[in-house]
Amino acid sequence: MEFGVLGSVGAWDPDPVDLKGPRHRAVLGRLIVARGRVVPAGVLVDDLWVDPPAGALSAVRTFVAALRRAIEPDREPRTPARLLVTEGPGYALRTEAVDAWRFEAAVQASLPPGELLPELLAGLALWRGPAYAEFADEGWALAERSRLNELRLRAVERVGEARLALGLAAEAVPDLDAHVTEHPWREDAWRLLALALYRSERQGDALAVLRRARETLIGQLGVDPGPALSRLETDILNQAAHLTPAGSVWAETAAAYDRVVGGTRARIESTVGLLRNLAVTGGDGLEAARGHRLAAITAAEELGDPDLTARVIGAYDVPAIWTRSDDEGQAAAIVTKAERVLPTQDHPSIRARLLATIALESRGSRSTRAREAALEAEQLARGLDDPALLAFTLNGVFMQTCYRAGLAPERDAIGAELITLSQRHNLFTYEVLGHLIRLQSACARADHTSADEHAAAADALAARHELPLVGVFTRWYAALRDDTPESYREAAALLDGAGMPGLSDGLLPLALAAHAIRHGEPIPEAAYGPHAPWVKASGDPRASRRATPEPPPGLLLEAYWALAVHAARQSGDAQLLEKAQAALAPAADEHAAGSGLLTLGPVANFLR
């Protein structure tokens, strides 16, 4: 904001020749300070000269005429001025095109943070030096200089507040840090800086800033910090929930819920919604959701309310992509409870949810019951106007579409329907699921162009909706594309603490074993976990058909059968070779890569 010359005239571009004289600029500055009010010509004379000379009034009129030519260069001669007008005994500016006024309007605006932030930043960008620096000793400019400088300081702090409100705490830190260094007496600036550091997960730095504020205020001003700073320090030490927007809303909502909802049944049923949201966070959240979910079902059963039990079981509609359970014991217990309450339920939507739950929790099961449950759930859901329920049941059908090799096209059709359905009804978690299913199917077809597109779409949705687990699967797909041991090891690092043992257990050794087979290298010794029966048989030339069990249904079915073929060739086991090749035959045109995580290459290589 070039107050140093004119107080800045914003949209005007006066000819520097016309306004090169300091008194020309002083007249304009004096009129700007008046903020549209009339300034008598006599007052201008007194403000321009300590001892006005003869002809001072005529000089003022000359200055005004020069200003008019500069700010309205296209005005026709002898036509009334529109911007710098004559009124009564003086002159006034009639325009809003003054940077100082625009800046003040931005600082005082009452707008949502997302709209306010760009206005404030634009206003601060107008400053190019101290306000009215050229007239620092003029009495008429002193009050305005002080007022504008105070507004500037407040604007910097309002920018910090807006950034904090928008979740941009880390972006707020540098400007606020510079601000308190230059203006250490501004307690609110210290408070905002400490809060921004805390929300940037820099608790130690936040406390150090508050200590610095105390030392500065006591050392330079001889005053103790105000109650706001003292309270903030206590809250940071206690990690008070209200220090983050989400924490504040959560605490207030939970308190309100506790006041209003007192019934045990309502609390149990509401808990499942929280657990469902907790599950998609991964890590400790997913593990906690699994454990508390069974506890909620058991609590509902203990009330002797089969309807409540059915609702609690069916409400946990968390999208599932992996075909091995993370906790087989818990999954079996949930299936048992769902089967027990199913006969008591006649409503089609409740039955569909129970059946979909049975299908999902029976992943990897060889029983035909799980697939029957999935198809019945889908049939019920298609007769209801409930898109979320249909998506849930399609997830169950997907989970049971791995019972033989070569079913990638069927799974791809499920993924496509999930994407279309989810986009139409804003079911973003199921939209992600649809893209991951189609990614897997594209890998089975070695269509990496399509797989890349679905991986990118899944990552974009995950970023928008904070779904961290999605990155585990897309990063593993990237490792499949790179097909190097280093890439697989980097992808495996994402599984640490992800809360998905059904996926992570033995996955990296399996991927490295598949890589070794594809490149004609020895299979390394490793802890293969649930994959051991097929990998170890492949790595042992003495393996026999009895040492290689039939693989369970799942996304690794083709990979397991390919390993069985490799084992049979190594050991010369003709019976195992015939059995494994017959099982693989329906996938003859596919790759043993339907998991989207690792690959043994074309299935055709194992059929020759």
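Worth saying up front: this structure is predicted, and the values here are computed from it rather than measured. (Residues numbered from 1 in each chain as written. Predicted model: local features only at pLDDT ≥ 70, side-chain atom pairs only at ≥ 80, totals over all residues. Heavy atoms only, no water.)

1. Considering the pairing of strand S3 (residues 90-93)
The line we're drawing: Between buried and exposed lies partly exposed: a residue is buried under 20% and exposed over 50% of the maximum accessible area for its type, with that area taken using a 1.4 Å probe on protein chains only. Where helices and strands are cited, they refer to DSSP runs of H or I of at least four residues and of E of at least two residues respectively, numbered from the N terminus. For two strands to count as paired, DSSP must find a minimum of two bridges between them.
Side-chain alternation along S3 places Gly-90 and Ala-92 on one buried face and Tyr-91 and Leu-93 on a second face that is also buried. Sheet topology note: the strand S1 (residues 39-40)/S3 ladder contains two bridges and is antiparallel. Considered in S3, the bridge of Val-39 is made with Tyr-91. Inspection of the sheet shows strand S2 (residues 84-87) paired to S3 by four bridges, in the antiparallel sense. Looking at the pairing, Thr-86 lines up with Tyr-91 of S3.

2. Some details on the nonpolar core
Where we set the bar: To define a nonpolar core, start from buried Ala, Val, Leu, Ile, Met, Phe, Trp, Tyr and Cys residues and group those joined through side-chain atoms within 4.5 Å. Only heavy atoms matter for contacts: two residues are in contact if any of them lie within 4.5 Å across the pair.
Judged by nonpolar contacts, the single largest core of 113 residues is most densely connected at Trp-476, Leu-503 and Leu-600. Per element, the largest residue contribution to this core is 10 residues, and it comes from helix H27 (residues 557-571). Ignoring anything within four residues of it in the chain, the contact list for Trp-476 reads Tyr-488, Ala-491, Ala-492, Leu-495, Leu-507, Leu-508, Ala-511, Gly-596 and Leu-597. In terms of nonpolar packing, the next biggest core, distinct from the first, is built from 44 residues, Ala-34, Val-64, Leu-83 and Leu-116 among them.

3. Let's talk about the side chain of Gln-581
Within the fold, Gln-581 resides in helix H28 (residues 574-584). With relative accessibility at 18%, the residue Gln-581 sits in the buried group. Excluding residues that lie within four positions of it along the chain, Gln-581 makes contacts with Val-565, Arg-569, Phe-606, Leu-607 and Arg-608.

4. Some words on the sheet that holds S2
Operational definition: Inter-axis angles, ranging from 0 to 180 degrees, are taken between N-to-C directions of lines fitted to C-alpha atoms, where helices are fitted over the stretch in contact.
A sheet is described by the order of its strands in space; here three strands give the open sequence S1-S3-S2, paired in antiparallel fashion. Edge positions in the sheet fall to S1 and S2, since each has one partner strand and no second. Along the sheet, helix H3 (residues 56-71) contacts S2 and S3; its crossing angle with S2, the most-contacted strand, is approximately 140 degrees.

5. Things to note about a nonpolar patch on the surface
Short version of the rule: Residues with no salt bridge and a relative accessible area higher than 30% make up the patches, which join like charges within 9 Å and nonpolar side chains (Val, Leu, Ile, Met, Phe, Trp, Tyr) within 5 Å. Areas reported as accessible are Shrake-Rupley estimates using a 1.4 Å probe. Residue values count occlusion only from the protein chains shown. Think of a salt bridge as a Lys or Arg side-chain nitrogen and an Asp or Glu carboxyl oxygen that are within 4 Å of each other.
On the surface, Trp-185, Leu-221 and Val-223 cluster together into a nonpolar patch covering about 300 Å² of accessible area. Inspection of the secondary structure assignment puts Trp-185 in the loop between helix H7 (169-182) and helix H8 (187-199).

6. Observations regarding the packing of aromatic side chains
Spelled out, the test is: Note on aromatic contacts: the rings of Phe and Tyr and the six-membered ring of Trp form a pair at centre separations within 6.5 Å, being stacked when their planes are under 30 degrees apart, edge-to-face when over 60 apart, and tilted otherwise.
What the rule picks out here adds up to three aromatic pairs. Ring centres of Trp-476 and Tyr-488 lie 5.8 Å apart, and the angle between their planes is 40 degrees; on these two criteria the pair is classed as tilted. Residue Trp-476 is found in helix H22 (residues 470-482), and its partner Tyr-488 is found in helix H23 (residues 485-493); the two are separated by 12 residues along the sequence. Tyr-488 shares its class with Trp-476; the two are buried. When the ring of Trp-534 is compared with that of Tyr-560, the centres are 4.1 Å apart and the planes differ by 15 degrees; the resulting orientation is stacked. Residue Trp-534 is located in helix H26 (residues 532-539), and its partner Tyr-560 is located in helix H27; the two are separated by 26 residues in the primary sequence. We classify Trp-534 as buried; its relative accessible area is 5%. Under the relative-accessibility criterion, Tyr-560 is labelled buried at 2%.

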